[in-house]
Amino acid sequence: MGALYILWLRELKRYLRSHTQIVASLGQPLLYLLALGFGLGPVFQRSGNGSYLQFIAPGVIGMMVLFTSIFSGIGLLWDRQFGFLKETLVAPVPRLTVVLGKTLGGVTVALIQGTLVVIVTLIAGFRPGSVAAIPFAFAFMALIALVFAGLGTAIGSRLQDMQGFQLIMNFLVMPIFFLSGALFPLDHLPKVLGAITTADPLSYGIDGLRGTLIGRSHFGLTIDLAVLVVIAVATLTVGSYLFSKIEA
Amino acid sequence: MIRVQSLVKKFGDFTAVQDISFEVQQGEIFAFLGPNGAGKTTTIKMLTTLLKPTSGTVTLDGLDPQREQHEARRRFGIVFQDPSLEWELTAAENMEIHGVLYHVPRKLRHERTEQLLKLFELWERRNEPVKRFSGGMKRRLEIARGFLHTPKILFLDEPTLGLDPQSRNQLWNHVRHVNETEEVTVFLTTHYMDEADRVAHRIAIIDHGKIVAQGTPAELKEQTGTDSLEGAFLALTGSSIRDEAAGSADQMRQFVKMWRK
């Protein structure tokens, strides 16, 4: 228990002390929200879909949670390079505890980051349907964080150096975001794109956020919830398994 | 306490450790010496559950470090050759994490942290993040951390690398102290022959993945007809210089240094 807590705390402390990183990480969602939200707003409105800012805000919140959680897992790569990983690998603590502490730390950080983006969207003019929806939105944020922290851990356990990191960024993380329906509605898509978005776990997270926050859902909240829970269990299991197999 | 039989580790075509066998008795200080790239660190990694041997058996206090990983990890402590600190956190926080991971009770943890940080002259700077420490200070912190809990077996992989003579002296005094008072078995590697000569009860010399000689410092000198351990070492391993390839971790650290400037 103590080990779980101290490793969770470590993640949190690392995050809270990196002030410049916190500010820097808000730049990208802010850009999407403002440039796309206001830039594409008129076109979106004319096509009869309502306010684009309302539509894209849950997408941007989900984006922040996705990036933060997946990078917390891939952060294992840094632990490996700076050596701290070895310290945890030889400790008389079950590997499952180590990986859970780290993952829960990443999830917590992702939720804080997500909350910051929620605040930013509110300032920009986003208005959720009701205040009662907010706790449910947090539940979806937590699920997104769990799914991708697990995936990040699985990748981080296998990755050996920085070159691999770029590959993951361009061929996994960015596609997960762009093909998730964070930026466009999932209705009436061309067949192939439709199939891809349906296979993207983030689609269900964003859809859940949108469903709770603005009452607009493509798959339905029950399906969103069920899919996310199943995938979270799967990625966390695979992540923990691969972590337990790390050699140094 | 440690028993190694016909241990082999291959990385692809390269054989890092070729069929080595040795034993370390309880309460012994055992030095494992060899030129760069001889297979010392690879052997330590296999002994400490970090690497799976290609073949051969390892027993730590009667346990197999591969099959009984968790139990084996409760038996030993290690100071790594490479850095293994959390750079973003302070010295005191690094000690705290280690203490918690090794189940040192809170009160004892705080007492020992104070005592060790004072011993290695880091107490004044305990609340500074490790990233602001000099190389020597980081090294001292790694060593202080290694002594926070009292394991049955202590592995020290080139612990004195980058330390000044004062800190080295402190380190070896402390190693002898825990060895004598708490019967900790010590397995160490070093490039400084005088240190091995001074502290080790027994020595094994490894070269190109094979053990070329074993015995007490006196026996090794006698065997090679030399009057110092350094002489014996050179007689056994030759005088050509070895280079290790820089691993990705080293490359990354250089990259990070470039950015921090």
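Nothing here was measured: the structure is a model prediction, and the numbers come from that model. (Residues numbered from 1 in each chain as written. Chains lettered and ligands numbered in written order. Predicted model: local features only at pLDDT ≥ 70, side-chain atom pairs only at ≥ 80, totals over all residues.)

Let's talk about the overall build of chain B
When its secondary structure is counted, chain B shows 10 helices and nine strands. Taken over the C-alpha trace, chain B has a radius of gyration of 18 Å; the compact-globule value for 261 residues is 18 Å, and the two agree within 12%. Taken over the C-alpha atoms alone, chain B extends approximately 50 × 45 × 40 Å along its principal axes. Sorting the 261 residues of chain B into buried and exposed places 42% on the buried side. Expressed as a percentage of contacts within chain B between residues at least 6 apart in sequence, the contacts between residues at least 24 apart total 68%. (Helix = DSSP H or I, 4+ residues; strand = E, 2+ residues; numbered from the N terminus. Rg over C-alpha atoms; globule rule 2.2 N^0.38 Å. Buried ≥ 20, exposed ≤ 12 C-beta atoms within 10 Å, placed from the backbone. Contact = placed C-beta atoms within 7 Å.)

Quick look at the packing of helix α7 (residues 95-124) of chain A against helix α12 (residues 221-244) of chain A
Residue and element names in this part refer to chain A. Their axes nearest at 9 Å, the elements α7 and α12 cross at an angle of 125 degrees. Put simply, α7 runs oblique to α12. In terms of crossing hand, the pair formed by α7 and α12 is right-handed. Each of R95, L96, V99 and T103 in α7 lies in contact with α12, whose residues at this interface are L236, G239, S240, F243 and S244. Split by residue class, the contact of α7 with α12 holds four nonpolar, four polar and one charged. (Axes fitted to C-alpha atoms, helices over the stretch in contact; angles between N-to-C directions. Parallel < 35°, antiparallel > 145°, perpendicular 65-115°, else oblique. Left-handed = near helix turned anticlockwise from the far one by under 90°. Nonpolar A, V, L, I, M, F, W, Y, C, P; charged D, E, K, R; others polar.)

What about the environment of V173 of chain A?
Residue and element names in this part refer to chain A. Take V173: it is sitting in helix α9 (residues 162-178). Under the C-beta neighbour-count criterion, V173 is labelled buried, with 21 such atoms within 10 Å. Considered as a pair, V173 and F67 are 106 residues apart in the sequence and their alpha carbons are 7.5 Å apart. Non-local contacts of V173, meaning those with residues more than four positions away in its chain, are made with I70 and I168.

Brief notes about the nonpolar core
Residues and elements named next belong to chain A. L66 and I144 are the most contacted members of the largest nonpolar core, which has 134 residues in total. At 15 residues, helix α4 (residues 52-74) tops the list of elements feeding residues into this core. Residues contacting I144, with those up to four places away along its chain left out, are G62, V65, L66, S69, L202 and G205. (Core = buried A, V, L, I, M, F, W, Y, C linked by C-beta atoms within 7 Å.)

Things to note about the interface of chain B and chain A
Contact residues are listed per partner, giving 27 residues for chain B and 25 residues for chain A. Within the residue set of the side of chain B that touches chain A, elements represented by two or more residues are α2 (69-73), α3 (91-101) and α10 (248-260) of chain B. Classifying every residue of the side of chain B that touches chain A gives 14 nonpolar, six polar and seven charged.

Focus: the environment of H98 of chain B
For H98 of chain B, the location among the structural elements is in helix α3. On a C-alpha basis, the gap between H98 of chain B and H149 of chain B in space is 8.5 Å, while along the polypeptide they are 51 residues apart.

Some thoughts on the sheet that holds strand β3 (residues 29-33) of chain B
All names here are of chain B. In spatial order, the strands read β5-β6-β7-β3-β8-β9; together these six strands make up an open sheet with mixed pairing. For this open sheet the edge positions go to β5 (76-79) and β9 (210-215), each flanked by a neighbour on one side alone. Recorded for the sheet is a direction-independent mean angle of 15 degrees between the axes of neighbouring strands. The pairing of strand β6 (residues 153-157) with strand β7 (residues 185-189) spans five bridges and is classified as parallel. Residue pairing across strands places F155 opposite F187, the latter belonging to β7. (Pairing = 2+ DSSP bridges.)

Considerations on the sheet that holds strand β2 (residues 14-24) of chain B
Through backbone hydrogen bonds, the strands of a sheet pair up, either in parallel or in antiparallel fashion. All names here are of chain B. Here we have three strands laid out as an open sheet, ordered β2-β1-β4, and antiparallel in their pairing. Edge positions in the sheet fall to β2 and β4 (55-60), since each has one partner strand and no second. Each neighbouring strand pair of the sheet contributes to a mean axis angle of 20 degrees, computed without reference to strand direction. Of the pairings in the sheet, the one linking strand β1 (residues 2-11) to β4 comprises five bridges and is antiparallel in character. For R3, the partnering residue across the bridge sits in β4 and is T59.

Focus on the pairing of β1 of chain B
In regular strands, side chains alternate between the two faces of the sheet. Residues and elements named next belong to chain B. Both β1 and β2 contribute to a ladder of seven bridges, which runs antiparallel. Opposite R3, over in β2, you have E23 as the bridge partner. The antiparallel hairpin formed by β1 and β2 contains two residues in its connecting segment, where G12 sits at a positive phi of about 60 degrees.

Side note on the environment of T212 of chain A
Residues and elements named next belong to chain A. Mapping T212 onto the fold places it in helix α11 (residues 201-214). Each C-alpha atom, one on T212 and one on Y5, is 31 Å from the other, the two residues being 207 residues apart in sequence. Beyond its immediate stretch of four places on either side in the chain, T212 contacts A133, F136, A137 and F140.

Let's talk about the packing of α4 of chain A against helix α8 (residues 133-158) of chain A
Residues and elements named next belong to chain A. In contact at an axis separation of 7 Å, α4 and α8 are set at 30 degrees when each is read in the N-to-C sense. Classed by the angle they form, the pair α4 and α8 counts as roughly parallel. Along this stretch, α4 crosses α8, giving a crossing that reads as right-handed. Residues I61, G62, V65, L66, S69, I70, F71, S72, G73 and I74 of α4 lie in contact with α8, whose contacting residues are M141, I144, A145, F148, A149, L151, G152, T153, I155 and G156. A breakdown of the residues in the contact of α4 with α8 according to their chemical character gives 13 nonpolar, seven polar and no charged.

Some remarks on helix α2 (residues 19-39) of chain A
All names here are of chain A. The first and last C-alpha atoms of α2 sit 30 Å apart over 21 residues, in line with the 30 Å expected at 1.5 Å per residue. Along α2, the sharpest kink reaches roughly 30 degrees, centred on P29. Considered for burial, the residues of α2 that qualify are P29, L33 and G37. Here the buried face of α2 lies against α3 (41-46), α4 and α7. (Expected span 1.5 Å × (residues − 1). Bend = angle between axes of the 7 residues up to and from the residue.)

Section: unusual backbone geometry
Residue and element names in this part refer to chain B. Phi is positive for S6, which is not a glycine, with a value near 45 degrees. Here S6 shows up in strand β1. Positive phi is not limited to glycine here, since H103 has a value of about 55 degrees. Relative to the helices and strands, H103 resides in the loop between α3 and α4 (106-119). The exposure class of H103 is partly exposed, given the 14 C-beta atoms found within 10 Å.

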